[in-house]
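Given next are the chains, with one letter for each unit.
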Amino acid sequence: MKAIYKFFFRPASFRPLAGLRIAVAATLIAQAVFISPEFFEFFGRAGLLQEGLQRIFSEPGTPRLAPYVNLLGTWGIAERTALWLAGGAYLLALTALLLGFKTCVAATASWFLHWTFMSTAACANYGVDVFAHIFLFYLIFIPSGGAWSVDSLRRANALRSWTARLSLRVLQFHLCAVYLSSALDKVVGPQWQTGEVMWRALMLPVYNQFDFTWLAALPWLAKIMAWGSLGLEFGYCVFIWPKATRKYVVWATVGLHLGIAVFLGLHLFGVLMTAFTATLFGIDARATGFAGPNVSSRRRFSFGKRASTVERCLAPVRSSF
Amino acid sequence: MKRRSAKKIWLTVGLTHAALVLLGAFQINLGHGLVRELATIYGKFSGSTSGYAFFAPGVGSTLRATFNVIDEKGAVLARVPLEQGKNHEADLRVGNMIGWFWKDNPKRELQRSMTASWAAKIFARYPRAAAIEVVLEEFQLPDMDRYRAGERPTWTKYYSAKFKKAVAKKKEA
């Protein structure tokens, strides 16, 4: 029982969460810069998919840009101006998140605006958007502004907290679920069993970056690559936990995702997935210094000067308990 | 006491969230009713009910969209892709958009609307165009055995449609 308690509540450093915050924000800023030349093509009502089609493809009950553009239109603001304003607000929110300035507010704004853009151009999305949406949501609640942030510079934050540990555990568990479910979905596929999946992924024009025609002469290599990926994904949720094997799994996972980034051209997806494992399992969660909420009963749950971002954000919620 | 309660509450929240992550990851259906509705709504907000079957159970084929820009005399002025080649990320997303043309067997009417929308963009890029022919081709990749035996990848026509500028009349292939 004590071990379980320690597993979930032993005070942890904010650094892994801060690393995650910086990685997610930096990746999404890069994505925004890459997309910007075709901004209106993806999100404009007269873009590649006109407004009616945008509505068909977006999931019901999700926010879209059209109602906001229509609202501003009634005040005489042109669609292009409205879209630039939304895009500017998104970049501003991501920059604040990157810097850890008003982290909770920045994360909330980034999450909502990212969701809105994602839902507006739903059929252009891929894995990177799914993961960005998930982890931006986490960033609203986790104390990611507790380190490497403007917020932590402005306040004398604790170096570690049980909120950081609990957040870290939920995020780590999520990553394990991602890899295990992904492996189970893949292993039943004949392409994965024969290694044909590697050949197809590397040769399809949408992913093809280099000449891989030589792989056809080495089917055993394709098979090793496929089973190696499956082995890593299956082993992830087990071997990422013991200290003795963790660093090997972290490095192997980083290698896998950087390989995806370089050889399949999924640059942002590869970088983001690399960042998840590298920050949540690669950054040491132990921290020296005072333990914040553990230090004294007065500090334990007082949302005073030393409160982390999440504690301040959730103060109204907690006060109701 | 207050701190202990807070820990219990946040652990419950975290574990409930984690349970939803598991249900989503393994695509376990919660059946019908209020719990499912609430989980669906929460899943939309948090992404917790997302699946992660990328490249699973295998890698399918791919479509490309090409546009023949035709002038008033019927001559082909240019043959252009939908992707503008500004950068890989933008092109990748346009490629994903094209992929929806055949995803989940959409209705013919929806496919027509998609090609019309794309053709409109090409008309905007080529003001001199009198007509645009949209051609969607599927990439046929032989497996490794057949490739070694000499077979090579080809593009085969999957769909085509022609749009005229003055009259929004279209002929389907």
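As the structure is a computational prediction, the values presented were derived from the model and not from experiment.

Caption draft 1: Structural view of the overall build of chain A. For chain A, the count of helices and strands is 18 helices and two strands. Here chain A, with 321 residues, has 49% of them falling under the buried criterion. Put simply, of all contacts in chain A between residues at least 6 apart along the chain, 73% involve residues at least 24 apart.

Caption draft 2: Representation of the overall build of chain B in the model. Within chain B, the secondary structure is distributed over five helices and five strands. Helices (α) and strands (β) of chain B occur, in sequence order from the N terminus, as α-α-β-β-α-α-β-α-β-β. In terms of overall dimensions, chain B is more spread out than a globule: its C-alpha atoms have a radius of gyration of 24 Å, far above the 16 Å expected for 173 residues. Here the C-alpha coordinates of chain B stretch approximately 85 × 50 × 35 Å along the principal axes.

Caption draft 3: Expanded view of the packing of helix H2 (residues 15-35) of chain A against helix H8 (residues 127-141) of chain A. Residue and element names in this part refer to chain A. Contact geometry for H2 and H8: axes closest at 11 Å, N-to-C directions at 135 degrees. Taken as axis vectors, H2 and H8 run oblique relative to one another. For the crossing formed where H2 meets H8, the hand is left-handed. Of the residues in H8, those in contact with Leu20, Arg21, Val24, Leu28 and Gln31 of H2 are Val128, Ala132, Phe135, Leu136 and Leu139.

Caption draft 4: Representation of the environment of Leu20(B) within the structure. Residues and elements named next belong to chain B. In this structure, Leu20 sits in helix H1 (residues 2-25). For Leu20 and Phe123, which are 103 residues apart along the polypeptide, the C-alpha to C-alpha distance reads 47 Å. Excluding its chain neighbours within four sequence positions, the residues that come into contact with Leu20 are Ala39, Tyr42, Gly43, Ser48 and Thr49.

Caption draft 5: Up close: the confidence of the model for chain B. Here chain B averages 87 in pLDDT, and 94% of its residues register 70 or above. Both scores are given for the predicted complex: the pTM is 0.88, the ipTM 0.88.

Caption draft 6: Examining the interface of chain B and chain A more closely. Across the contact, 55 residues belong to chain B and 62 residues belong to chain A. It is H1(B) that contributes the most residues to the side of chain B that touches chain A, 14 residues altogether. Its residues assigned to classes, the side of chain B that touches chain A shows 29 nonpolar, 15 polar and 11 charged.

Caption draft 7: Seen up close, the environment of Ala222(A). Note that Ala222(A) resides in helix H13 (residues 219-239). Ala222(A) has contacts with Gly195(A), Glu196(A), Met198(A), Trp199(A), Leu215(A) and Met144(B), leaving out every residue within four places of it along the chain.

Caption draft 8: Spotlight on helix H4 (residues 108-125) of chain B. Taking 1.5 Å of rise per residue, 18 residues should cover 26 Å, and H4(B) covers 26 Å from first to last C-alpha, within 8% of that figure. All of the buried residues along H4(B) are Met114(B), Thr115(B), Trp118(B), Ala119(B) and Ile122(B). Along the axis of H4(B), the buried residues cluster in a sector spanning 135 degrees; they form a single face. For H4(B), exposure combined with an orientation more than 90 degrees from the buried face picks out Glu109(B) and Ala124(B). Contact partners of the buried residues in H4(B): helix H4 (51-57) of chain A together with strand E1 (63-70), strand E2 (76-81), strand E3 (131-140) and strand E4 (154-164) of chain B.

Caption draft 9: Local environment of the nonpolar core. One finds Val24(A), Leu97(A), Phe135(A), Leu139(A), Leu272(A) and Ile132(B) to be the most contacted residues of the largest nonpolar core, which totals 105 residues. The leading source of residues in this core is helix H10 (residues 162-187) of chain A, at 12 residues.

Caption draft 10: A look at the environment of Asp143(B). Along the chain, the position of Asp143(B) falls in the loop between E3 and helix H5 (144-148). Taking the C-alpha atoms as reference, Asp143(B) lies 9.5 Å from Pro153(B); in sequence the two are 10 residues apart.

Caption draft 11: View of unusual backbone geometry. Residue and element names in this part refer to chain B. Cis geometry is adopted by the peptide bond preceding Pro57, which originates at Ala56 and carries an omega value of 0 degrees. Tracing the backbone shows Pro57 in the loop between helix H2 (34-46) and E1. At Gln27, a position not held by glycine, the phi torsion is positive, near 50 degrees. Here Gln27 lies in the loop between H1 and H2.

Caption draft 12: Expanded view of the packing of H10(A) against H13(A). All names here are of chain A. Packing of H10 against H13 brings their axes to within 8 Å, and their N-to-C directions diverge by 140 degrees. Classified by the interaxial angle, the pair formed by H10 and H13 is oblique. Regarding H10 and H13, the two cross each other, and that crossing is left-handed. Listed contacts from H13 to Cys176, Tyr179, Leu180, Ser182, Ala183, Lys186 and Val187 of H10 are Leu230, Glu233, Phe234, Tyr236 and Cys237. For the contact of H10 with H13, the class distribution of residues is nine nonpolar, one polar and two charged.

Caption draft 13: How the structure looks around the pairing of E2(B). Residue and element names in this part refer to chain B. Sheet topology note: the E1/E2 ladder contains five bridges and is antiparallel. Within the sheet, the bridge partner assigned to Thr66 lies in E2 and is Pro81. If you look at the hairpin formed by E1 and E2, you'll find five residues sitting between the two strands, and Gly74 has a positive phi there, around 90 degrees.

Caption draft 14: Highlighting the confidence of the model for chain A. All names here are of chain A. Taken residue by residue, chain A gives an average pLDDT of 87. The fraction at 70 or more is 88%. A low-confidence stretch, residues 290-307 stays under pLDDT 50, and its non-local contacts, those more than four residues away or across chains, total 35 contacts. Here residues 313-321 scores under 50 on pLDDT; set against residues more than four positions off or in separate chains, the count is six contacts.

Conventions we followed
- Residues numbered from 1 in each chain as written.
- Chains lettered and ligands numbered in written order.
- Predicted model: local features only at pLDDT ≥ 70, side-chain atom pairs only at ≥ 80, totals over all residues.
- Helix = DSSP H or I, 4+ residues; strand = E, 2+ residues; numbered from the N terminus.
- Buried ≥ 20, exposed ≤ 12 C-beta atoms within 10 Å, placed from the backbone.
- Contact = placed C-beta atoms within 7 Å.
- Rg over C-alpha atoms; globule rule 2.2 N^0.38 Å.
- Axes fitted to C-alpha atoms, helices over the stretch in contact; angles between N-to-C directions.
- Parallel < 35°, antiparallel > 145°, perpendicular 65-115°, else oblique.
- Left-handed = near helix turned anticlockwise from the far one by under 90°.
- pLDDT = per-residue confidence, 0-100.
- Nonpolar A, V, L, I, M, F, W, Y, C, P; charged D, E, K, R; others polar.
- Expected span 1.5 Å × (residues − 1).
- Arc of directions from axis to C-beta.
- Core = buried A, V, L, I, M, F, W, Y, C linked by C-beta atoms within 7 Å.
- Pairing = 2+ DSSP bridges.

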